[in-house]
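Here are the chains, one letter per residue:
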Amino acid sequence: MDKNGSSTIRFAGGEQIPVELHKVRIVQKLHLKPVEERLEAIEKGGYNTFLLNTQDIFLDMLTDSGTNAMSDNQVSSMLHADDAYSGSQSFYRMEAALKEVFGKKYILPAHQGRAAENIISKIFVKPGDVIPTNYHFTTTMAHIEINGGKVLEIYGEEAVKIKSNHPFKGNIDVDKLRAVIDEYGAEKIGFIRFEASTNLIGGQPFSLANMREVRKIADEHGLMIVLDASLIGENAWFIKQREEEYENVHIKDILLEMCGLSELVYFSSRKVTSTRGGGICTDSEDIYMKLRDLVPLYEGFLTYGGMSVREIEAMAVGLYETTDETVISQSPAFIKYAVEQLDKAGIPVVTPAGALGCHLDAMGFLPHVRQEEYPAGALAAALFIVSGCRGMERGTVSSVRDEDGNDILADMELLRLAFPRRVFTLSQTLFLLDRVKWLYANRELVGGLKFVEEPPVLRFFMGRLAPVSDWPQKLAAKFREDFGDSL
Ligand SMILES: *Cc1c(COP(=O)(O)O)cnc(C)c1O
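Residues numbered from 1 in each chain as written. Predicted model: local features only at pLDDT ≥ 70, side-chain atom pairs only at ≥ 80, totals over all residues. Heavy atoms only, no water.

A short note on the site of the ligand
Basically, it comes down to this: Note on terminology: near, applied to a residue and a molecule or strand, indicates that one of the residue's heavy atoms is within 4 Å of it. Polar contact criterion, stated in full: a pair of N or O atoms within 3.5 Å, where within protein one must be able to donate a hydrogen and the other to accept it, and residues adjacent in sequence count only if both atoms are side-chain atoms. Only the protein chains shown count as covering a residue, and every accessible area follows the Shrake-Rupley method with a 1.4 Å probe. Under the DSSP-based scheme used, a helix requires at least four consecutive residues in state H or I and a strand at least two consecutive residues in state E, with every element numbered from the N terminus.
Around the ligand there are 13 residues in total, and G113, R114, D228, S268 and K271 lie nearest to it. Residue K271 places a side-chain N or O atom 2.6 Å away from an oxygen atom belonging to the ligand. When the free accessible area of the ligand is taken as 380 Å², the share hidden by the protein chains comes to 98%. Sorting the residues of the shell around the ligand by element identifies α4 (113–124) and α10 (269–272) as the ones contributing at least two each.

Written out as structure tokens, the structure reads:
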């Protein structure tokens, strides 16, 4: 289904592998510690990979947020940053880049994606409002709810199936959208939200055909479309790969079409480029004026928005690079390779391969761990113990409790192994795959987790858990037995 990406090469024998279309010029040393020390580190981190220290980590696959490798052009651009509280030339260079890449007239800076969400939700979410979306993101949902709104996920049937060959699992189900409009009335809908490369269901894209259909319905009812463009480059890449009429369209033009169908586009620069930061873009003076005054209040003056001018410079260059197909295809090529290798080995993994990472299905991997004992959290801890690779739990630990204090069980229990752009090599990827396969062969040794410290908001960040038995010790002992004195 996927056509060959430009970051993939074919060997003489026909085998296809991902290839690094860059050379390494600055490096950072990594540590691969003995399994006993990894066990100690995860114990100290409350079985929450967010609480690990990178000195104990070999491959940091927690996230693609702020961890993509910068290009030489990005780093050098930081040298000509213009320090000024207002009127900085750095800002105008970024503004020009945003106008060109996203095609919008008005630009507001924010220090990261969730800061943009704060501002947008404060203005466009009123108590009692509903926000239909292809799928929620953690920080987005928190901001919508804090302002009294409710998120309605209106994805299609295939979206939360682990195994699928649906090319666009991130599509909005238009029948569900019509039903939401009938049920709540257009005046109760703050906006319709599209998230590019839907993060929590495995980096899955939506199609432009779907977006056009939703646009039509939005126009019939005077509704606004808000595009979370944090992973827009990859979504555009998948459209080019998977949507026939875009086969020969440059992703630069696909990006413009996606943004053109939205009244408001916001993004996390931590994902779109490799720098901290974020922003809001619109063509509507009315929307711009509504949002503008909140920027100095929460972020900083309109020409820096909580970012350093150096970051702003690197962001401008990074935005142009987002339209470079060899840059954007890099991470999807590695993810596709990893997903196909694991799938071939019979390991439960989300298909088709999407953006940002390879997603293991923890319920399929650990069917003996009940969802109330957080299989994805347990799998994240177990993989760290046996490999030093840090992934992120995207399951019930990342969910919330209902009014009665019971966990709202997540639709999917995923362990996300992020492939930040241009960071890991193929041999590192092969190491990861080997350890995942070993863990799968020894999966009956992995048990569940329970919370011992649970913050009320976004508990997955700072929460501490403990194993329900001494399974981590047994797992480490088996690893030592099988691997001898190898790490
Ligand atoms: C990361 C992310 C955000 C939040 O951005 P931050 O810069 O981390 O605050 C919002 N939406 C999506 C889809 C994201 O992936």
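A few points about the side chain of Q330
Quick note on the threshold: The buried label goes to any residue with under 20% of its type's maximum accessible area, the exposed label to any with over 50%, and the partly exposed label to all in between, with areas taken from a 1.4 Å probe on protein chains only. Contacts between residues were defined by any pair of non-hydrogen atoms, one from each residue, lying within 4.5 Å.
Here Q330 lies in helix α14 (residues 325–344). In this structure Q330 comes out as buried when scored by relative accessible area, which is 3%. In this structure Q330 touches S7, V19, E20, L21, H22 and R422, once residues within four positions along its chain are discounted.

Focus: the sheet that holds strand β11 (residues 392–394)
Heads up, the condition is: If DSSP finds at least two bridges between two strands, the strands pair. Every axis corresponds to a line fitted to the C-alpha atoms, with the helix fit spanning only the stretch in contact, and the corresponding angles, defined between N-to-C directions, vary from 0 to 180 degrees.
Strand order in the open sheet formed by 3 strands is β10-β12-β11, and the pairing between neighbours is antiparallel. Both edges of this open sheet fall to β10 (357–361) and β11, since each of them pairs with a single strand only. Averaged over all neighbouring strand pairs, the angle between strand axes comes to 30 degrees, with direction disregarded. By the bridge criterion, 3 bridges tie β11 to strand β12 (residues 414–418) in an arrangement that is antiparallel. From the neighbouring strand, M392 faces β12, where its bridge partner is R416. Against the sheet, helix α16 (residues 375–387) engages β10, β11 and β12, with an angle of about 45 degrees to β12.

Thoughts on the packing of helix α6 (residues 174–184) against helix α7 (residues 208–221)
As a reminder, the rule being used: Roughly parallel means an angle under 35 degrees; roughly antiparallel means over 145; roughly perpendicular covers 65 to 115; every other angle is labelled oblique. Left-handed describes a crossing whose near helix is turned anticlockwise from the far helix by less than a right angle; the clockwise case is right-handed. Each residue gets one label: Ala, Val, Leu, Ile, Met, Phe, Trp, Tyr, Cys and Pro are nonpolar, Asp, Glu, Lys and Arg are charged, and the others, such as Gly, are polar.
Between α6 and α7, the shortest axis-to-axis distance is 10 Å and the interhelical angle comes to 15 degrees. Judged by the inter-axis angle, α6 sits roughly parallel to α7. Crossing angle aside, the handedness with which α6 passes α7 is right-handed. Taken together, the residues of α7 that come into contact with α6 (itself represented by V174, L177, R178 and I181) are N210, E213, V214, I217, E220 and H221. Class assignment for the residues of the contact of α6 with α7 results in 5 nonpolar, 2 polar and 3 charged.

Things to note about α14
Helical geometry note: an α-helix holds 3.6 residues per turn, so side chains three or four residues apart project in the same direction. For clarity, the threshold we go by: A helix is expected to reach a length of 1.5 Å times the quantity of its residues less one.
Between its first and last C-alpha, α14 extends 28 Å over 20 residues, near the 28 Å set by a 1.5 Å rise per residue. Counted residue by residue, α14 has 14 buried out of 20 residues, so it is predominantly covered. Of the residues that open α14, the one with a side-chain oxygen 2.9 Å from the backbone nitrogen of T326 is D324. G346, located one to two residues past α14, shows a positive phi value of around 80 degrees.

A look at the state of the cysteines
The following threshold applies: Disulfides are defined as cysteine sulfur pairs within 2.5 Å.
Applying the stated criterion across every chain, the model contains 0 disulfides. The thiol sulfur of C259 is not disulfide-bonded, and the nearest other cysteine sulfur, from C281, lies at 7.3 Å. Overall, C259 belongs to the buried group, its relative accessible area being 0%. The thiol of C389 is not disulfide-bonded; the next cysteine sulfur, from C358, is found 11 Å away.

So, the packing of aromatic side chains
The following threshold applies: Only rings of Phe, Tyr and Trp enter the pairing, Trp through its six-membered ring, and a pair is recorded when the two centres are within 6.5 Å. The plane angle decides the type: under 30 degrees is stacked, over 60 is edge-to-face, the rest tilted.
Under the definition given, this model contains 17 aromatic pairs. Ring centres of F194 and F206 lie 4.5 Å apart, and the angle between their planes is 50 degrees; this geometry places the pair in the tilted category. Of this pair, F194 sits in strand β6 (residues 192–195) while F206 sits in the loop between β6 and α7, placing them 12 residues apart in sequence. Residue classification places F194 among the buried residues on the basis of a relative accessible area of 0%. Considering the side-chain rings of W438 and F479, the 5.6 Å spacing of their centres and the 80 degrees angle between planes classify their relative orientation as edge-to-face.

Examining the packing of helix α3 (residues 89–102) against helix α9 (residues 251–260)
Interaxial distance between α3 and α9 falls to 7 Å at its minimum, and their mutual angle equals 90 degrees. Judged by the angle between their axes, α3 and α9 are roughly perpendicular. Across from E100, V101 and F102 in α3, the residues of α9 making contact are L255, L256 and C259. Tallied by class, the residues present in the contact of α3 with α9 amount to 5 nonpolar, no polar and 1 charged.

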